[in-house]
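So the chains spell out like this:
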Amino acid sequence: MSKLFKTLGAVWLISGFIGGVIVHIIMEGNWLTGITWLISGAISGAYSIQ
């Protein structure tokens, strides 16, 4: 079960990064929204990996 959560955490971390970049591109340079996605993905992924 622990390995599952670590894998899901890594996936969440990567998807948060990719989502942040995509949102930044779609919103035409709105860094605030992109950074919010990046930070939320990093926090969620890091919390799950512990």
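All values reported here derive from a predicted model rather than from experimental measurement.

*Asks:* Mind showing me how you'd approach helix 1 (residues 2-26) here?
*Replies:* In an α-helix, one turn spans 3.6 residues; hence positions three or four apart end up facing the same way. Its 25 residues place the ends of helix 1 35 Å apart at the C-alpha level, agreeing with the 36 Å of an ideal helix rising 1.5 Å per residue. Among all positions of helix 1, only G9, G16, G19, G20, V23 and H24 are buried. Directly beyond the C-terminal end of helix 1, a positive phi value near 55° is found at E28.

*Asks:* Would you mind showing me how to read a nonpolar patch on the surface here?
*Replies:* Together, L13, I14, F17, I18, V21, I22, I25, I26 and M27 give the surface a local cluster of nonpolar side chains, amounting to about 850 Å² of exposed area. As for its position among the elements, L13 is in helix 1. Judged by relative accessible area, L13 falls into the partly exposed class, the value being 35%.

The rules behind the values
- Residues numbered from 1 in each chain as written.
- Predicted model: local features only at pLDDT ≥ 70, side-chain atom pairs only at ≥ 80, totals over all residues.
- Heavy atoms only, no water.
- Helix = DSSP H or I, 4+ residues; strand = E, 2+ residues; numbered from the N terminus.
- Expected span 1.5 Å × (residues − 1).
- Buried < 20%, exposed > 50% of the residue type's maximum accessible area, 1.4 Å probe, protein only.
- Patch = residues over 30% accessible without salt bridge, like charges linked within 9 Å, V, L, I, M, F, W, Y side chains within 5 Å.
- Areas by Shrake-Rupley, 256 points an atom, 1.4 Å probe, with all protein chains shown as cover.
- Salt bridge = Lys/Arg side-chain N within 4 Å of Asp/Glu carboxyl O.

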